[in-house]
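Tertiary structure, described
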Amino acid sequence: MERTYIMLKPDAVKRHLMGEVISRIERKGFNIINMKMITLNEAVLKEHYAHLVEKPFFPEIVEYMVSGPVLAMIVEGNDVVKGMRFLMGATNWLEANPGTIRGDYANSTTENLIHGSDSVENAEIEIKRFFGNI
Ligand code: CDP
Ligand code: MG
């Protein structure tokens, strides 16, 4: 069964939207097979967002992502990597369709509630980064 790495970002936790987002994942029929609250640091974010480290907005991403705990999850299901990206909606909040998590709750491209792996290969790398070898 395919797995993906999902992370509810600090804004989702602070806005008390964890239950809402978890419930959408469950109603879709995906299985949450592990979860934990963690607080990130700059070192892990430089790895996790390596493709963005050179961008001018990277310091803003770090400030946001270390601003409070996140909920790290492993989610399993049929085509779950693409399926979760579909549930999440577009990165740019102005392009995220209503009915998606970001489309319904984000009003910023940085503070967009949720991370989901963008490929099966990256999902396994990210699961290992945040959960070790499980
Ligand atoms: O999260 P996703 O895979 O949809 O997008 P990404 O391109 O991998 O970017 C990772 C995160 O960086 C986004 O989810 C945003 O929080 C942030 N970001 C941003 O603040 N401004 C951008 N122009 C692009 C990304
Ligand atoms: Mg990404």
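Note: the structure precedes this text.
Note that the coordinates shown come from a computational prediction; the quantities given were computed from them, not determined experimentally.

Points about the site of ligand 1
Residues in close proximity to ligand 1 include K9, Y49, H51, L52, F57, I61, R85, T91, R102, T109, T110 and N112, which together make up its full environment. A distance of 2.9 Å separates an oxygen atom of ligand 1 from a polar side-chain atom of K9. Contact distances for ligand 1 include 2.5 Å between an oxygen atom and a side-chain N or O atom of T91. Computed on the free molecule, ligand 1 has an accessible area of 500 Å², of which 81% lies beneath the protein chains in the complex. Residues of the shell around ligand 1, tallied by class, amount to four nonpolar, five polar and three charged.

A few points about the side chain of S117
Turning to its location among the elements, S117 is positioned in the loop between β4 (114-116) and α7 (120-131). At 3.4 Å, the side chain of S117 forms a polar contact with the side chain of T4. From its side chain, S117 meets the backbone nitrogen of Y5 in a polar contact 3.2 Å long. When neighbours within four sequence positions are excluded, S117 is seen to be in contact with T4, Y5, V81, R85, N122, A123 and E126.

Brief notes about unusual backbone geometry
Trans peptide bonds make up most of the peptide bonds, and negative phi angles are found at most residues other than glycine. With phi around 45°, D79 is a residue other than glycine that occupies positive phi space. Positionally, D79 belongs in the loop between β3 (70-76) and α5 (80-88). With a phi angle near 70°, L113 is a residue other than glycine that sits in the positive phi range. Along the chain, the position of L113 falls in the loop between α6 (101-105) and β4.

Reading the values: the criteria
- Residues numbered from 1 in each chain as written.
- Chains lettered and ligands numbered in written order.
- Predicted model: local features only at pLDDT ≥ 70, side-chain atom pairs only at ≥ 80, totals over all residues.
- Heavy atoms only, no water.
- Near = heavy atom within 4 Å.
- Polar contact = N/O pair within 3.5 Å; in protein donor to acceptor, adjacent residues only side chain to side chain.
- Areas by Shrake-Rupley, 256 points an atom, 1.4 Å probe, with all protein chains shown as cover.
- Nonpolar A, V, L, I, M, F, W, Y, C, P; charged D, E, K, R; others polar.
- Helix = DSSP H or I, 4+ residues; strand = E, 2+ residues; numbered from the N terminus.
- Contact = heavy atoms within 4.5 Å.

Distances and angles like these do not, on their own, reveal function.
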